[in-house]
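A structural walkthrough
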4 protein chains.
Amino acid sequence: MAGNRAVVYHGPGNVTVETVDYPELVLKPGPGVPEGNKNRQCPHGVILKVIATNICGSDQHMVRGRTTAPPGLILGHEMTGEVIEKGRDVERIAVGDLVSIPFNVACGRCRNCQEGQTGMCLRVNPDRPGGAYGYVDMGGWPGGQAEYAMVPYADWNALKFPDPDQAMERIRDLAMLADIFPTGYHGCVTAGVTTGSTVYIAGAGPVGLSAATSAFLLGASVVVVGDTNKDRLEQARSFGCETIDVTQGDPKEQLAQILHRPEADCGVDAVGFEAHGYGAEAGTEAPATVLNSLMDTTRAGGAIGIPGLYVTGDPGAPTEEAKHGSLSLRFGLGWSKSHSFTTGQCPVMRYNRGLKKAILAGRTSIARNVNAKAIPLEQAPQGYAEFDKGMATKFVLDPHGLIPA
Amino acid sequence: MAGNRAVVYHGPGNVTVETVDYPELVLKPGPGVPEGNKNRQCPHGVILKVIATNICGSDQHMVRGRTTAPPGLILGHEMTGEVIEKGRDVERIAVGDLVSIPFNVACGRCRNCQEGQTGMCLRVNPDRPGGAYGYVDMGGWPGGQAEYAMVPYADWNALKFPDPDQAMERIRDLAMLADIFPTGYHGCVTAGVTTGSTVYIAGAGPVGLSAATSAFLLGASVVVVGDTNKDRLEQARSFGCETIDVTQGDPKEQLAQILHRPEADCGVDAVGFEAHGYGAEAGTEAPATVLNSLMDTTRAGGAIGIPGLYVTGDPGAPTEEAKHGSLSLRFGLGWSKSHSFTTGQCPVMRYNRGLKKAILAGRTSIARNVNAKAIPLEQAPQGYAEFDKGMATKFVLDPHGLIPA
Amino acid sequence: MAGNRAVVYHGPGNVTVETVDYPELVLKPGPGVPEGNKNRQCPHGVILKVIATNICGSDQHMVRGRTTAPPGLILGHEMTGEVIEKGRDVERIAVGDLVSIPFNVACGRCRNCQEGQTGMCLRVNPDRPGGAYGYVDMGGWPGGQAEYAMVPYADWNALKFPDPDQAMERIRDLAMLADIFPTGYHGCVTAGVTTGSTVYIAGAGPVGLSAATSAFLLGASVVVVGDTNKDRLEQARSFGCETIDVTQGDPKEQLAQILHRPEADCGVDAVGFEAHGYGAEAGTEAPATVLNSLMDTTRAGGAIGIPGLYVTGDPGAPTEEAKHGSLSLRFGLGWSKSHSFTTGQCPVMRYNRGLKKAILAGRTSIARNVNAKAIPLEQAPQGYAEFDKGMATKFVLDPHGLIPA
Amino acid sequence: MAGNRAVVYHGPGNVTVETVDYPELVLKPGPGVPEGNKNRQCPHGVILKVIATNICGSDQHMVRGRTTAPPGLILGHEMTGEVIEKGRDVERIAVGDLVSIPFNVACGRCRNCQEGQTGMCLRVNPDRPGGAYGYVDMGGWPGGQAEYAMVPYADWNALKFPDPDQAMERIRDLAMLADIFPTGYHGCVTAGVTTGSTVYIAGAGPVGLSAATSAFLLGASVVVVGDTNKDRLEQARSFGCETIDVTQGDPKEQLAQILHRPEADCGVDAVGFEAHGYGAEAGTEAPATVLNSLMDTTRAGGAIGIPGLYVTGDPGAPTEEAKHGSLSLRFGLGWSKSHSFTTGQCPVMRYNRGLKKAILAGRTSIARNVNAKAIPLEQAPQGYAEFDKGMATKFVLDPHGLIPA
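Residues numbered from 1 in each chain as written. Chains lettered and ligands numbered in written order. Predicted model: local features only at pLDDT ≥ 70, side-chain atom pairs only at ≥ 80, totals over all residues. Heavy atoms only, no water.

Thoughts on the pairing of strand β15 (residues 242-245) of chain A
All names here are of chain A. Applied cut-off: Pairing between strands requires that DSSP locate at least two bridges from one strand to the other. The helix count covers DSSP runs of H or I at least four residues long, the strand count covers runs of E at least two residues long, and both are numbered beginning at the N terminus. If you view a crossover with the strands going away from you and the path from the first strand over the helix to the second runs clockwise, you call it right-handed.
Sheet analysis places strand β14 (residues 222-227) next to β15, joined by four bridges and oriented parallel. By the bridge assignment for β15, Asp227 is matched with Asp245. Remark: the β14/helix α8 (residues 230-237)/β15 crossover connection has right-handed handedness.

In structure tokens:
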């Protein structure tokens, strides 16, 4: 093979598509690869011909320069594709299989994997628990916004679609299984969403809309989504959500008008550390504002799911404290309401099989709800730019032109 | 008040509507009232003007003479109505409230109630754990197929609809909260139904159809319902279920055609002890046939929810063993597949609040799915007869002519 | 009856024992009683002859002047006693019963009580969810550090000891069921403690020692307790705990020496908002220090239980932020480790029955482990003073001289 | 290596120790190996030098001729040992590691393994879900009552002891992690045993005694064990259990004397299909008697854990029905008490890590409680014979003479 077109990060605001090495069943030294992972052999891996690979809001954190991501990093952690080569120790997955790859890289052999916490795998990242593709500090595994990519521990990680033809008909939906659909679902599950729940989801980006879709799938009675972006709120309304424009005043008051009480049963933070203030804080970053608002708007005894990303270090943060990942939280308020808080990367494997079956049976329309739009891989830089402007679109890169119109 | 029209059981096949005493806040001696419950004072009770009160399949067990129900018993345990009088110790519920009453009579003060097992209340039935209205061996609480009925421990038991006008618009749906909707939902929950599950429900009577409705609400991908009754199967298909006519051969083979594998993730027994055989056993009662079939058709590692009623004594059973509630179960098969089995009366209170919110938000159409049909209380005998013939209808008695057309 | 000796709060550092009104089955207007609770009738209540009533660390928050507790408040929320009078609505509890009273006042009739969240009862406190005896902002229910006290909703709240004579032999242990034993146990349960867990408990006061006792009961392999108080650490070692003196350096390093790894499976915050710093912060209050330390010392994928009290307002706090209950938390660290956090008042009823049975069977020695010491009610002021100095003792007030030596 | 001494089954009552082939990293054709498993390559496997390997009650089912086990089968599924060779795909486990091997053979790559149901692995047995070593119908994996054995998927299956020297000091206890300790623990967990529970365990063989040990570890207040064998009951009493000699009358009456009520909170069936009757049925096999008794002696709302083995076919059964694994169960009784029933092979991996930590910390004495006795491998036939006579001993075979006295 001659090469491999891929999306490469070069510095804040600088993303290009270029030709990189064709992947092999080894983790070669490269940008962000920790010492302990260099030249790690992957006979348990497969080479994926990438059919759909999405741009994620968490990619934006890097591209905006809010992390220590190294130049040269191949981006992308939301891969769906066809297995075209497999390592000698791969048994369950076969060449020709169409698969979804969870964004978490997991070994399937450590305590955390055995206990279902694949987001905190202990063996794929020498620096700390948890690995991911194309992401800063997550083990250095090359990203999947590319024509081809390597997936280690494929028998453990890959989720197979039994009928490739049927799957290709729903490929836009299935592409969301790699990250945002399970991530939104995890937010709802950990917020306690079940039949009849009222749910307030802060954030109407793709994860927020995935959480809203999940809330309906879990039986929620009323799903309310809050944001500052009118297009995204419009998108939320398009599939039955109620919405709150947080630029228009206190979410609690608006919630009271919708629910006839000022608190929802369940709260989901689908924003994370780059939250912006509203009201008096409008226009400035206010990293604790979403969590504080959720303590205010979640009922006593309720739970708050936090799929939105918070980081240990944020060089671009507005305050010294926030630079070190410290937030000023109204913890006393949460405590007085007996809230519970669940944080962290979604362990995708816990949910993707069930969500796959729901998609294939036509029970949910995640691609429509997040406004998935397929674009050629070569247009990735434009996709990043438009998404960064707040466009209510989930961009699906289509490296081989295989996604049906 | 002059009296109270009510449905009274007089013996096998003999049900009439007659005038009985207007209820008071006391459990007066009467048919089936145990010694320890006679003259039990109920200052914690309310008098309900019954607006909707359904005929249940479990009433049929009594009317068919398959129990030791005493003549003179007022039938009915599925009540929805308006509170028109309350005891001195009722605080939370007010006169004028529109409420759903769980079929379980529960005290709200014993260990089991405190732990959420309201189906096994230890204080409302001196003979054994668990109470119900209008039912043999369940404490002697008079039934609710009547114009008026007494509900004890109303602050604990009654589920209030916040807006009576809104509730009256969905009264047919809300009437199902007293029993069959939570019962079917409990069957699914205990069978492990969740997002993406495939579910096989044995029985397309009202509980089976409620289970199917619940399965969709819980996110099931494919819901398959089996029965011998073509009308009921047609009803199941009308809201998206796949169906199996068990008179046409082994359910496992039919399931394989639908699911592309011979086993479902989850199994629900919505039939109970009056099951009939098929194939070689066609036409005869075969009380173990459903459970044995479910062990065959549920995947290894799956669970089986058993809302269908099994009894400790069945005077009309075909065999000596079955007369004592013993069944010949292929337990070794279930064990080899690591099945779990959950039995018993549904603890309605665990589910009815969430289901209420789902109904009021328009997320489910239980009345339509079970083909609810309102008829005047005076037509109860015809309702019993038609339901007994296998009509695919859930009869809702309308004692005061208040159910909107 | 002539009167009722009781412990009364008069202002910071000022606690006396004096004669107050003998209780009746009504919540009379008094210090801290909200408007909506004044003259609330309690036919569901009982009058308790208080046999054991403990001083709690959370009482100290008030006595130190760190709350807005009103002068005249009768203190005490940890009551064990004999029922000597009962209201007309009381059925399950009888005069002569020996009972433990959960510190949460709960109605047993609202949604939260029905769902087992008795710490967040919606009907006993007009100001916000959750009630307690003798506590600021918790509904104004008079405290139980008295000869006699009124307990509302007794059929729901009171836990009965089946054999009073047997119970009196273990009355010091059983007295801990009202609060600290379930509270410590809740901390462990919500931290995920189970067979084999390693547990780090911050705080060796009575709640910390209760948590440690609970951790052993739940099967923990290694229980480590950290504090600055040498006597309390000695007490922890006396029943098998490992200890960390946080004045001697970073808990993480000390933990690594004990566990051979720097993180425990589970973390419990048994300190709360009055935490003090160590190292560079030694001697000063540092309300976020315990939570931040627990994020550092709990393994990725682990959970943190937070029975330690955090408040919505703390007039005596060292910073403006802390005065409003805001803490500077290293939330990014917790998020990166997928921690979950459970806060709030323990719902005592969820645990006290099981713990009672464990005590009566001799499986645990909670009184010995927390160094319970019975003193006459009249010595309550000295008890408060000594406890405030950090004495490793749990004071049990003995209003009637009935606690066996 | 020249060969491998191993315990071989030759037919009912006929067990010998002989020299078999030294294991390789392949499943070679042999007795009981299904077609689809013949010559299965195992680069993911390790060769274990077996240090401790126990005789299990379920081995006895085969040796008594109650199964279709083929002659030539190498027995044994409870292995602990040292890794002396590893396949190319093994990463986590190293040569020299001391490990416990769960009796379930599991691939770590299928849906059931991913979901933690390692007892129902879908890929190690072509005939049906679930694999085991040395067992009929479980995939044909050679047994571990041998000097050396092959363990497939070692990175997934093997549980490592961090410090081999420390582990050798507790090797008798750790040897129980391969099967009976987790199996008994699973029985208790699925029966709902928690702090304060009263538990009735039917059967005082090694699994019953393991369940009793587990019940204490889980915090049970009273643990009652029933059997017909006086020596085994004596063994149960030796570590604090109450006992019931079921030859002396109805268990329910005896239970009432111990617990002051006739029912326990939780029931565990540690007997299985070879149960014997008592009372009128004394001396005969009565395969349903234990389950029926547990429905009688478990409280309404309680759960029944069933680690005791039930089979799909039993050629030696006393009745035609039992030959096909059908039992006459008083299911109506269980249903009326809302019992739940959990069956199946224990998924050892779910529990063995926690139990290991409890053993290493000295929190439990499983070897002492089951009366573990190490004997040379060559004495295996005598061990089988004595265990079959009902000796209250758990035999641990010691192939290399390495178990300390």
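Focus: the domain arrangement of chain A
Residues and elements named next belong to chain A. The cut-off we apply is this: Here the limits of each domain have been adopted from an automatic or database domain assignment. Summed over both partners, the accessible area lost on bringing two parts together, with a 1.4 Å probe, is the buried area. The rule for a salt bridge is simple: a side-chain nitrogen of Lys or Arg has to be within 4 Å of a carboxyl oxygen of Asp or Glu.
Split by domain assignment, chain A resolves into domain 1 (5-179 + 347-398) and domain 2 (183-342). Here the C-alpha centre of domain 2 lies 26 Å away from the C-alpha centre of domain 1. Between domain 1 and domain 2 the total buried area reaches about 2,100 Å² when both faces are included, carbon and sulfur atoms providing 55% of it. Considering only the side of domain 1, the residues that lose the most area to domain 2 are Arg66, Tyr351 and Asn369, jointly responsible for 32% of the buried surface there. Here domain 1 and domain 2 share three salt bridges between them. As a salt-bridge pair, Asp314 and Arg66 come within 2.8 Å of each other at their nearest N and O atoms.

Some words on the interface of chain C and chain B
What counts is decided by this rule: By definition in these notes, contact holds between two residues if any of their heavy atoms fall within 4.5 Å. N or O atoms closer than or at 3.5 Å make up a polar contact, with two conditions inside protein: a donor-capable atom paired with an acceptor-capable one, and, for residues adjacent in sequence, both atoms drawn from side chains.
Listed per partner, the contact involves 21 residues of chain C and 20 residues of chain B. Of the roughly 2,000 Å² buried between chain C and chain B, counting both surfaces, carbon and sulfur atoms make up 38%. The largest share of the area that chain C buries against chain B comes from Glu91, Arg109 and Gln114 of chain C, three residues that together contribute 33% of it. Along the contact surface separating chain C from chain B lie eight salt bridges. Between Glu115 of chain B and Arg353 of chain C there is a salt bridge; the shortest N-O distance is 3.9 Å. Put simply, chain C and chain B have 18 residue pairs in polar contact (both at pLDDT 80 or more) between them.

With respect to the relation of the copies chain A and chain C
Note the threshold: All copies are superposed by least squares; the fitting set is the C-alpha atoms of residues with a pLDDT of at least 70 in both.
Superposing chain A onto chain C takes a rotation of 180 degrees plus a shift of 0.0 Å along the axis, which leaves an RMSD of 0.0 Å. Here the copies are linked by what is in effect a two-fold axis. For chain A, the smallest separation between a C-alpha atom and the rotation axis is recorded for Ser328 of chain A, amounting to 2.2 Å. The fraction of interface residues of chain A whose copies in chain C are also interface residues reaches 100%, indicating that both copies meet through the same surface.

Looking at the sheet that holds strand β1 (residues 4-11) of chain B
Residues and elements named next belong to chain B. For clarity, the cut-off: Geometry is summarised by axes, namely lines fitted to C-alpha atoms with helices restricted to the contacting stretch, and by angles between N-to-C directions that run from 0 to 180 degrees.
Taken in spatial order, the three strands make up an open sheet running β2-β1-β6, and their pairing is antiparallel. The two strands at the open ends of the sheet, each matched to only one other strand, are β2 (14-20) and β6 (73-74). Across two bridges, β1 lies against β6 in antiparallel orientation. Directly across from Val8, in β6, lies its bridge partner Ile74. In this fold helix α15 (residues 380-388) packs onto β1 and β2, with an angle of close to 155 degrees to the strand it touches most, β2.

Describing the relation of the copies chain C and chain B
Note on the identical chains: chain C maps onto chain B by a rotation of 180 degrees and an axial translation of 0.0 Å, with an RMSD of 0.0 Å. Here 95% of the contact residues of chain C are again contact residues in chain B; the copies associate through an equivalent surface.

Quick word on the interface of chain A and chain C
Each partner contributes residues to the interface: chain A has 41 residues there, and chain C has 41 residues. Taken together, both faces of the contact between chain A and chain C bury some 3,300 Å²; the carbon and sulfur share is 54%. In terms of surface lost to chain C, no three residues of chain A exceed Phe331, Trp335 and Thr343 of chain A, which account for 23% of the buried area on that side. Here chain A is connected to chain C by four salt bridges.

Focus on the packing of helix α6 (residues 180-190) of chain D against helix α7 (residues 206-217) of chain D
All names here are of chain D. The following threshold applies: What sets the label is the angle itself: under 35 degrees gives roughly parallel, over 145 gives roughly antiparallel, 65 to 115 gives roughly perpendicular, and the rest give oblique. Crossing handedness follows the turn of the near helix against the far one: under a right angle anticlockwise gives a left-handed crossing, and clockwise gives a right-handed one. The classification used treats Ala, Val, Leu, Ile, Met, Phe, Trp, Tyr, Cys and Pro as nonpolar, Asp, Glu, Lys and Arg as charged, and all other residues, Gly among them, as polar.
Two elements in contact, α6 and α7, have axes whose closest approach is 7 Å; the angle formed by their N-to-C orientations is 60 degrees. Relative to α7, the element α6 is oriented oblique. You can see that α6 and α7 cross each other, and the crossing is right-handed. Residues Ile180, Phe181, Thr183, Gly184, Tyr185 and Cys188 of α6 touch α7, and the partners they reach there are Pro206, Val207, Ser210, Ala211, Thr213, Ser214, Ala215 and Leu217. A per-class count over the contact of α6 with α7 returns nine nonpolar, five polar and no charged.

Points about helix α15 (residues 380-388) of chain D
Think of an α-helix as turning once every 3.6 residues; residues three or four places apart then point the same way. Residues and elements named next belong to chain D. How we decide: When a residue's accessible area, from a 1.4 Å probe over protein chains only, is under 20% of the maximum for its type it is buried; when over 50% it is exposed; and in between it is partly exposed. Arc definition: it is the arc formed by the directions from the helix axis to the C-beta atoms.
Listing the buried residues of α15 in full gives Ala380, Gly383, Tyr384 and Phe387. Down the axis of α15, the smallest arc covering the buried residues is 100 degrees, so these residues share one side. The positive-phi residue at the C-terminal boundary of α15 is Gly390, with phi of around 100 degrees.

Details of the sheet that holds strand β1 (residues 4-11) of chain A
Two modes of strand pairing occur in sheets, parallel and antiparallel, and in both the strands are linked by backbone hydrogen bonds. Residue and element names in this part refer to chain A. Spatially, β2-β1-β6 is the arrangement adopted by the three strands of the open sheet, whose pairing is antiparallel. With partners counted over all chains shown, the strands left at the sheet margins are β2 (14-20) and β6 (73-74), one partner each. Helix α15 (residues 380-388) contacts β1 and β2 of the sheet and is inclined by roughly 155 degrees relative to β2.

Observations regarding the packing of aromatic side chains
How two aromatic rings sit relative to each other is set out by the distance from centre to centre and by the angle between their planes. Quick note on the threshold: Only Phe, Tyr and Trp rings are paired, with Trp represented by its six-membered ring, and only when their centres lie within 6.5 Å; those with planes under 30 degrees apart are stacked, over 60 edge-to-face, the remainder tilted.
Applying the stated criterion to the full structure yields 22 aromatic pairs over all chains. When the centroid spacing of 5.0 Å and the interplanar angle of 55 degrees are considered together, the rings of Tyr22 of chain A and Tyr148 of chain A count as tilted. Note that Tyr22 of chain A is positioned in the loop between β2 and β3 (26-27) and Tyr148 of chain A in strand β11 (residues 148-151), a separation of 126 residues in sequence. Exposure class is identical for Tyr22 of chain A and Tyr148 of chain A. Each is buried. Residues Phe331 of chain C and Phe341 of chain C carry aromatic rings whose centres are separated by 6.1 Å and whose planes lie at 25 degrees to one another, so their mutual orientation is stacked.

Let's talk about unusual backbone geometry
You will see that Asp137 of chain A, though not glycine, has its phi angle at about 65 degrees, which is positive. With a phi close to 55 degrees, Ser338 of chain D is a non-glycine residue in the positive phi region. For Ser338 of chain D, the location among the structural elements is in the loop between α12 (331-336) and β19 (340-342). Of the residues examined, Ser338 of chain D reaches a relative accessible area of 13% and is grouped as buried.

Re the environment of Thr364 of chain D
All names here are of chain D. Here Thr364 is to be found in the loop between α13 (352-360) and α14 (366-369). For Thr364, a relative accessible area of 9% corresponds to the buried category. Along the backbone, Thr364 and Thr213 are 151 residues apart, and their C-alpha atoms lie at a distance of 7.5 Å. Sequence-distant contacts of Thr364, defined by excluding residues within four places in its chain, comprise Phe181, Thr213, Leu217, Ala358 and Ile359.

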